[in-house]
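Geometric and topological summary
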Amino acid sequence: MHSFEYRQGELYCEQVPVSRIAKELGTPCYVYSYATLVRHFRAYDSAFKNIPHVIAFAMKANSNLAILRLMAKEGSGVDIVSGGELFRALKAGVPPSKIVFAGVGKAPQEIRDALKADILMFNVESPSELYAIDEVAAEVGKKACVALRINPDIDPKTHPYISTGLKKSKFGIAADRAVEEFTLASSLSHIEVVGVHAHIGSQLTEVAPFIEALKKVVQLVETLKGKGINVQYLNIGGGLGITYSDEKPPLPQDLSNAILPLVQDLKLTLVMEPGRVIVGNAGILVTKALYLKEGETKSFVIVDAAMNDLIRPSLYGAYHEIRPLNEEAGHRAKHSVDIVGPVCESGDFLAKDRLLAAVKPGELLAVMSAGAYGFVMASNYNSRPRVPEALIKGGEIHVIRTRETYDDLIKGETIPAFLT
Ligand SMILES: *Cc1c(COP(=O)(O)O)cnc(C)c1O
């Protein structure tokens, strides 16, 4: 469910015609629906209302300050993966007591900053990281709360780049080494073991892999208990998929129904790190058709958005529905086209071999489901300024990030004196 619908022949975001937003901000631009964000967060949160839980929104999916503030106001925490994300989260007013820090390569400075901020816990991914955290914690004079991330060796049946729970992946600690690493962790003087963490991948469209992973994790929790290591938190990660085209992913309530029977008696607090499922369908990328090009074997619609604005199609072969803002235009005869951007790479496309109603130059298109892993992955490749973002609330347009200027592009660059 999202709030991008046709009304009187025009695509709206909540009460605002998207064409009006495009006129105010120019194209390309990202547009998010406040109502959709709130609805998605609340659906997740209320699905788990019968068990103590912390939702730590995976902010790598969308880290705009306004979105983070919105989440914090709804009671969400965040899952961070860098010192930069910690900085953003604190700026946005996310309570440190709801921040979890994940990622395989935390640098000492990032660990230090997180300890000083008193975050809830670190999700630790290797023994060497444990030693590093212990050392920094000793130096800072604090005890670091940690959960160990277990790699349950489960195939989440998603794209290889977003599968993280297989043995061959760089993430987590192998399940059969887990007890050993927990024992190590609890022996370190500046570490307090508080949880177990597992996140097996992203865009999961079935409940089964979650359950398979959880069963292994629950078994581990029991084993640890037998060894006198009592964890309080069970972090099941994020990963719930969304509908990009015709996927039918489970709802948060389905996930909850499947999970609760396995964990209810453990007297643990659940931690969850949903990202995509909260923001994915709450955002679109608006772009303008510039040119049509009839190749000998292919036709192209050249638009003003490119892989630097939305890299998912190029990076993962991801599908994003593309809709004209004008509903009528969607009824024209359909042709198979590639929708491509201005970047000088053959890999620069938003859609390939897509059956799309004829588009005319100057017309506006919405790239749907672009709220997660969209703007956050944008780059300045080809010296293209990053595009603005707007948050729509009812009939209001709030610019939550302005378009970068050419001066922004060269910020921090200098020409050394010997070249002058
Ligand atoms: C990316 C990531 C998430 C969020 O994944 P989604 O598919 O966006 O829900 C959660 N936890 C960890 C550790 C991650 O790396």
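Residues numbered from 1 in each chain as written. Predicted model: local features only at pLDDT ≥ 70, side-chain atom pairs only at ≥ 80, totals over all residues. Heavy atoms only, no water.

1. Concerning the overall build of the chain
What the chain contains, in helices and strands, is twelve helices and 21 strands. The C-alpha radius of gyration of the chain comes to 23 Å, within 12% of the 22 Å expected for a compact globule of 420 residues. For the C-alpha atoms alone, the extent of the chain along its principal axes is close to 70 × 65 × 45 Å. Expressed as a percentage of the 420 residues in the chain, the buried residues total 55%. Across the chain, every contact between residues at least 6 apart in sequence was considered, and the portion connecting residues at least 24 apart equals 70%. For the chain, the accessible surface area stands at approximately 18,300 Å², while carbon and sulfur atoms represent 52% of it. The positive charge centre, built from 46 side chains, and the negative charge centre, built from 48, are 3 Å apart in the chain. (Helix = DSSP H or I, 4+ residues; strand = E, 2+ residues; numbered from the N terminus. Rg over C-alpha atoms; globule rule 2.2 N^0.38 Å. Buried < 20%, exposed > 50% of the residue type's maximum accessible area, 1.4 Å probe, protein only. Contact = heavy atoms within 4.5 Å. Areas by Shrake-Rupley, 256 points an atom, 1.4 Å probe, with all protein chains shown as cover. Lys, Arg positive; Asp, Glu negative; His and termini not counted. Charge placed at Lys NZ, Arg CZ, Asp CG, Glu CD.)

2. Details of the nonpolar core
One finds Phe 122, Phe 182, Leu 234, Val 263 and Leu 270 to be the most contacted residues of the largest nonpolar core, which totals 105 residues. With nine residues, the single largest contributor to this core is helix H8 (residues 208-226). In terms of domain composition, this core takes at least three residues from each of domain 1 (4-31 + 280-409) and domain 2 (34-277). Setting aside residues no more than four positions away along its own chain, Leu 270 makes contact with Phe 48, Ile 51, Pro 52, His 53, Val 54, Leu 234, Ile 236, Ile 259, Leu 260 and Val 263. Residues Val 16, Leu 25, Val 286 and Leu 364 belong to the second largest nonpolar core, which totals 19 residues. (Core = buried A, V, L, I, M, F, W, Y, C linked by side-chain atoms within 4.5 Å. Domains from an automatic or database assignment.)

3. Some words on the site of the ligand
Surveying the vicinity of the ligand reveals 15 residues, the closest of which are Lys 60, Ser 202, Glu 273, Arg 276 and Tyr 373. A distance of 2.3 Å separates an oxygen atom of the ligand from a polar atom in the side chain of Ser 202. Contact distances for the ligand include 2.8 Å between an oxygen atom and a backbone N or O atom of Gly 239. Its free accessible area being 390 Å², the ligand has 94% of it covered by the protein chains. When the residues that make up the shell around the ligand are grouped by side-chain class, the tally is four nonpolar, six polar and five charged. (Near = heavy atom within 4 Å. Polar contact = N/O pair within 3.5 Å; in protein donor to acceptor, adjacent residues only side chain to side chain. Nonpolar A, V, L, I, M, F, W, Y, C, P; charged D, E, K, R; others polar.)

4. A few points about the packing of aromatic side chains
Throughout the structure, instances matching the rule amount to four aromatic pairs. When the centroid spacing of 6.0 Å and the interplanar angle of 85° are considered together, the rings of Tyr 30 and Phe 375 count as edge-to-face. With Tyr 30 in strand E4 (residues 29-33) and Phe 375 in the loop between strand E19 (364-367) and strand E20 (389-393), the pair connects residues that are 345 residues apart, well separated along the chain. Each of the two residues, Tyr 30 as well as Phe 375, counts as buried. Three or more aromatic residues joined by ring pairs make a cluster, and in this case those are Tyr 30, Tyr 32 and Phe 375. For Arg 7, the ring lying beneath its charged end belongs to Tyr 12, and the centroid distance is 5.0 Å. The ring of Tyr 34 has Lys 393 lying over it, and the distance from NZ or CZ to the ring centre is 5.4 Å. (Phe/Tyr/Trp six-rings, centres within 6.5 Å; stacked < 30°, edge-to-face > 60°. Lys NZ or Arg CZ within 6 Å of the ring centre and 35° of its normal.)

5. Quick notes on the side chain of Glu 85
Assignment of secondary structure puts Glu 85 in helix H4 (residues 83-91). Among buried charged residues, Glu 85 stands out as having no salt bridge; its nearest opposite-charge side chain is Arg 88, 7.0 Å away. Look past the residues within four positions of Glu 85 in its chain and what remains in contact with it is Met 59, Lys 60, Asp 79 and Ile 80. (Salt bridge = Lys/Arg side-chain N within 4 Å of Asp/Glu carboxyl O.)

6. Quick look at the pairing of strand E13 (residues 269-272)
Two elements, strand E5 (residues 53-58) and E13, share three bridges in a ladder whose sense is parallel. In the strand pairing of E13, His 53 is matched with Leu 270. By the bridge criterion, three bridges tie strand E12 (residues 233-235) to E13 in an arrangement that is parallel. Within E13, the position partnered with Asn 235 by the bridge is Val 271. A crossover connection joins E12 to the parallel E13 through helix H9 (residues 252-263); in handedness this β-α-β unit is right-handed. (Pairing = 2+ DSSP bridges. Right-handed = clockwise from strand over helix to strand, strands pointing away.)

7. Details of the pattern of salt bridges
For the structure shown, the criterion picks out 14 salt bridges. As a salt-bridge pair, Glu 181 and Arg 177 come within 3.1 Å of each other at their nearest N and O atoms. You can call Glu 181 buried: its relative accessible area is 4%.

8. Overview of the state of the cysteines
By the definition in use, this model includes zero disulfides. Among the cysteines around Cys 29, which has no disulfide bond, Cys 13 carries the closest sulfur, lying 10 Å off. Look at Cys 29 and you get buried, because its relative accessible area is 0%. (Disulfide = S-S within 2.5 Å.)

9. Details of the domain arrangement of the chain
The domain architecture assigned to the chain consists of domain 1 (4-31 + 280-409) and domain 2 (34-277). On a C-alpha basis, the centroid separation for the pair domain 1 and domain 2 is 32 Å. Counting from both sides, the interface comprises 22 residues of domain 1 and, opposite them, 23 residues of domain 2. Across the domain 1 to domain 2 interface the summed buried area is about 2,000 Å²; carbon plus sulfur atoms make up 58%. Joining domain 1 to domain 2, the criterion identifies zero salt bridges. (Buried area = accessible area lost by both parts, 1.4 Å probe.)

10. Thoughts on the sheet that holds strand E1 (residues 4-7)
Adjacent strands of a sheet form backbone hydrogen bonds with each other and so pair up, either parallel or antiparallel. Read from one edge to the other, the open sheet built from three strands follows the order E1-E2-E3, with strand pairing classed as antiparallel. Two strands lie at the open edges of the sheet, namely E1 and strand E3 (16-17), each paired on one side alone. Inspection of the sheet shows E1 paired to strand E2 (residues 10-13) by four bridges, in the antiparallel sense. Bridging across to E2, Glu 5 finds its partner in Tyr 12.

11. Let's talk about unusual backbone geometry
Between Thr 27 and the following residue, Pro 28, the backbone shows a cis peptide bond with an omega angle of -10°. Take Pro 28: it is sitting in the loop between helix H1 (18-25) and E4. Even without a glycine there, the phi angle at Tyr 373 is positive, about 55°. Within the element layout of this structure, Tyr 373 appears in the loop between E19 and E20. Owing to a relative accessible area of 9%, Tyr 373 belongs among the buried residues under this scheme.

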